[in-house]
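# Overview (structure and organization)
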Amino acid sequence: MAVQERANFGSKLGVILASAGSAVGLGNIWRFPCEVGENGGAAFILVYLICVVFLGVPVMVSEFLIGRHSRSNTATAYKILAPGTPWHFVGLMGVFSGFLILSYYIVVCGWTLEYAWTAASNGFSQVGDAMDYTAFFNNFVSNPWKPLLYLAVFMLITHYIVVRGVKEGIEKFSKVMMPMLLLIIGVLVVCSFSMPGSVKGLTFLLKPDFGKIDTGVVLSAMGQAFFSLSLGMGCLCTYASYFTKEVNLMKTAGSVVVIDTLVAVMSGFIIFPAVFSVPGLIPNAGPGLVFITLPNVFNIAFGNYPFLGYVFSVMFYVLLILSALTSTISMHEVATAYIHEKFKMTRAKGAFVVTSVCLSFGVLCSLSFGVLSDMTIAGFTLFDFFDYVSAKFLMPLGGMLISIFTGWYLDRKMVWEEITNEGRLRVPMFKFYIFLLKYVAPLAIGAIFVHELIKA
Ligand code: TRP
């Protein structure tokens, strides 16, 4: 097994930033507001936060310890920890999910490139009012070739960084990007609060209507939690295989969860005050919501200072691209590490396989907004189908199996040693952590699955 000579992340901060870089991405800034809008606002956010704390944190720590202990790609990790058992299918399922998610995620990444380009060339100033932004978005995504071009560019950049390797490529990058992203998001929240409909937007985000919660909403919130935290498919497990023995797993998970949740909630606070301020915008606009709303934010909030609006919008879209990039890199890395180590190919060849497959499926997903919009599976377009299967099925299932694996299968002493770094760290919540993994996570996820099945 080619696991001896693995690269490591260079510093503790690097570890947190690389993991946070994977977690923070379009899931926070694009998918979260979209799900909040479609699932009724504050009530959804509440369920989401509960899922993050009681499912997200324990599953993240589990992925970390599985990865670091086995020091290998996610499929091999299970073979090392549970030799001769079917557990490695959890890892294989993760690699498979990685292909699936990356294939449709990259489509939205392409959109960010177009928006950055349009902002930089001052193209939005000619667009005008809200309806025009809607038309602009719809025209763009249904265009037969433009989104494909952007998608391919994004995929190739990801490919290049993954081939250059873990430390050089990923770590340096996240160090600069994360703080800048948080800063500019903060500025935009302030801008959005100053808009005329901000009170309505805040009510939508903060005043829960508990009548709106059903298992569909809970499944969406749970799926979003796993998606946003990059959980359930071996992504953080693969990253953790590059952690040193000094890293405090619980603390790292805590930091990543806090940063990720902060960015998601703040994105909500940027989008919804604006949605309720501009006639023609609706909260449940689906995947286009953020892309249609954002240009309005820049337009209205900086109405009297067009130059500032220009500067901020370009900066924002560039940061959006970078945060999406740190996420695509992490998904790509799961499959690349697997192919590289399993089939003894070079990293470059492994990465090439991943890039080619995802590019092909990505093209199909992208075309499902235009030419292929009539091609549906179970009533979903291809894009929506990929999204549904990964976020609402594979990731929660992966999370459930990882919980069972850590809670019931793994040797308790080994788990304790990984979490406390051989007894050097004090971890007061250890028993509670095991309790969540043994009972809460499997039963909660299982119950929601069963309920959704019965409903269907
Ligand atoms: N979490 C990232 C986001 O919010 C997306 C992502 C990266 C991801 N790696 C993942 C999602 C692994 C699921 C699994 O944008």
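### Some points on the overall build of the protein chain
Scanning the protein chain from terminus to terminus reveals 18 helices and two strands. In terms of overall dimensions, the protein chain is globule-like: its C-alpha atoms have a radius of gyration of 21 Å, near the 23 Å expected for 456 residues. Counting every position in the protein chain, which comprises 456 residues, the buried fraction comes to 61%. Taking the contacts inside the protein chain whose residues are at least 6 apart along the sequence as the reference set, 82% of them involve residues at least 24 apart. Counting every atom, the protein chain has about 17,600 Å² of accessible surface; 69% of that belongs to carbon and sulfur. Charge separation in the protein chain, taken as the distance between the mean sites of 28 positive and 23 negative side-chain charges, equals 9 Å.

### Here's the deal with the packing of aromatic side chains
The tally for this structure, following the rule as stated, stands at 39 aromatic pairs. The interplanar angle of 85° and the centroid separation of 5.4 Å between the aromatic rings of Trp-111 and Phe-291 together place this pair among those described as edge-to-face. Of this pair, Trp-111 sits in helix H5 (residues 88–120) while Phe-291 sits in helix H13 (residues 289–301), and the two are 180 residues apart along the sequence. Measuring from centroid to centroid gives 5.8 Å for Phe-316 and Tyr-317, while their planes differ by 70°, and the two rings are edge-to-face. Given a relative accessible area of 1%, Phe-316 falls into the buried group. Sitting over the ring of Phe-227, Arg-31 keeps its end group 5.0 Å from the ring centre. The side chain of Lys-438 reaches across the aromatic face of Trp-408, ending 4.4 Å from its centre.

### Here's the deal with the packing of helix H9 (residues 198–206) against helix H12 (residues 249–275)
As a packed pair, H9 and H12 sit with axes 7 Å apart at the nearest point and diverge in direction by 130°. It follows that H9 is oblique to H12 by the angle criterion. The hand of the H9/H12 crossing is right-handed. Of the residues in H12, those in contact with Ser-198, Gly-201, Leu-202, Phe-204, Leu-205 and Leu-206 of H9 are Gly-268, Phe-269, Phe-272 and Pro-273. Split by residue class, the contact of H9 with H12 holds seven nonpolar, three polar and no charged.

### Looking at the nonpolar core
Counting 156 residues, the largest nonpolar core has Met-60, Ile-66, Trp-111, Ile-185, Phe-316, Tyr-317 and Tyr-433 as its most contacted members. When residues in this core are grouped by element, the largest group, 18 residues, is from H5. Setting aside chain neighbours within four positions, we find Ile-66 in contact with Ala-77, Tyr-78, Leu-81, Cys-237, Ile-402, Phe-405, Thr-406 and Leu-410.

### Topic: the pattern of salt bridges
Overall, the coordinates contain nine salt bridges when judged by the stated rule. A salt bridge links Lys-245 to Glu-418, with the shortest nitrogen-to-oxygen separation between them at 3.4 Å. Remark: Glu-418 occurs in helix H17 (residues 412–419) and Lys-245 occurs in the loop between helix H11 (235–240) and H12; sequence separation between them is 173 residues. With a shortest N-O distance of 3.4 Å, Arg-424 and Glu-246 are connected by a salt bridge. Here Arg-424, found in the loop between H17 and helix H18 (430–455), pairs with Glu-246, found in the loop between H11 and H12; they are 178 residues apart in sequence, far enough to count as distant. Take Glu-246: its relative accessible area is 46%, and that puts it in the partly exposed class.

### Overview of the site of the ligand
Near the ligand you find 17 residues, and of these Ala-23, Gly-27, Tyr-105, Phe-227 and Ser-230 are the closest. Ser-22 places a main-chain nitrogen or oxygen 3.4 Å from a nitrogen atom of the ligand. With respect to the ligand, the side chain of Ser-230 contributes an N or O atom lying 3.0 Å from a nitrogen atom. Of the residues belonging to the shell around the ligand, the class tally is nine nonpolar, eight polar and no charged.

### Some thoughts on unusual backbone geometry
A positive phi angle, near 45°, is found at Arg-71, a position not held by glycine. A positive phi angle is found at Ser-230, which is not glycine, with a value near 60°.

### Overview of a nonpolar patch on the surface
Taken together, the side chains of Leu-46, Ile-50, Val-53, Phe-54, Phe-210, Trp-408, Met-429, Phe-432, Phe-435, Tyr-439 and Leu-443 define a hydrophobic patch exposed on the protein surface, amounting to about 1,100 Å² of accessible area. Among the structural elements, Phe-435 can be located in helix H18.

### Examining the confidence of the model for the protein chain
For the protein chain, per-residue confidence averages 91 on the pLDDT scale, and residues scoring 70 or more make up 96% of the total. Across the protein chain, helix H3 (residues 42–70) holds the top mean pLDDT of 97, while helix H8 (residues 166–193) sits lowest at 81.

### Observations regarding the side chain of Arg-31
Here Arg-31 shows up in helix H2 (residues 26–38). Setting aside chain neighbours within four positions, we find Arg-31 in contact with Leu-26, Tyr-104, Gln-224, Phe-227, Asp-387 and Ala-391.

### Some remarks on helix H15 (residues 347–367)
Counted at 1.5 Å a residue, the expected span for H15 with its 21 residues is 30 Å, and the 30 Å between its end C-alpha atoms agrees. For H15, the full list of buried residues reads Arg-347, Gly-350, Ala-351, Val-354, Thr-355, Cys-358, Gly-362, Cys-365, Ser-366 and Leu-367.

### Quick notes on H3
In a regular helix each residue adds 1.5 Å, so 29 residues correspond to 42 Å; H3 covers 40 Å between its end C-alpha atoms and thus fits that length. A bend of about 35° at Gly-56 is the largest found in H3, and the proline Pro-58 appears one to four places after it. For H3, the buried fraction is high: 22 of the 29 residues fall into the buried class. Arg-71 occupies a position one or two residues after H3 and carries a positive phi of about 45°.

### Observations regarding the environment of Val-334
Position of Val-334 relative to the elements: it lies in helix H14 (residues 306–342). The spatial distance from the C-alpha of Val-334 to the C-alpha of Gly-91 is 9.8 Å, given a sequence separation of 243 residues. Excluding residues that lie within four positions of it along the chain, Val-334 makes contacts with Thr-74, Val-95, Met-233, Gly-234, Cys-235 and Thr-238.

Conventions used here
- Residues numbered from 1 in each chain as written.
- Predicted model: local features only at pLDDT ≥ 70, side-chain atom pairs only at ≥ 80, totals over all residues.
- Heavy atoms only, no water.
- Helix = DSSP H or I, 4+ residues; strand = E, 2+ residues; numbered from the N terminus.
- Rg over C-alpha atoms; globule rule 2.2 N^0.38 Å.
- Buried < 20%, exposed > 50% of the residue type's maximum accessible area, 1.4 Å probe, protein only.
- Contact = heavy atoms within 4.5 Å.
- Areas by Shrake-Rupley, 256 points an atom, 1.4 Å probe, with all protein chains shown as cover.
- Lys, Arg positive; Asp, Glu negative; His and termini not counted.
- Charge placed at Lys NZ, Arg CZ, Asp CG, Glu CD.
- Phe/Tyr/Trp six-rings, centres within 6.5 Å; stacked < 30°, edge-to-face > 60°.
- Lys NZ or Arg CZ within 6 Å of the ring centre and 35° of its normal.
- Axes fitted to C-alpha atoms, helices over the stretch in contact; angles between N-to-C directions.
- Parallel < 35°, antiparallel > 145°, perpendicular 65-115°, else oblique.
- Left-handed = near helix turned anticlockwise from the far one by under 90°.
- Nonpolar A, V, L, I, M, F, W, Y, C, P; charged D, E, K, R; others polar.
- Core = buried A, V, L, I, M, F, W, Y, C linked by side-chain atoms within 4.5 Å.
- Salt bridge = Lys/Arg side-chain N within 4 Å of Asp/Glu carboxyl O.
- Near = heavy atom within 4 Å.
- Polar contact = N/O pair within 3.5 Å; in protein donor to acceptor, adjacent residues only side chain to side chain.
- Patch = residues over 30% accessible without salt bridge, like charges linked within 9 Å, V, L, I, M, F, W, Y side chains within 5 Å.
- pLDDT = per-residue confidence, 0-100.
- Expected span 1.5 Å × (residues − 1).
- Bend = angle between axes of the 7 residues up to and from the residue.

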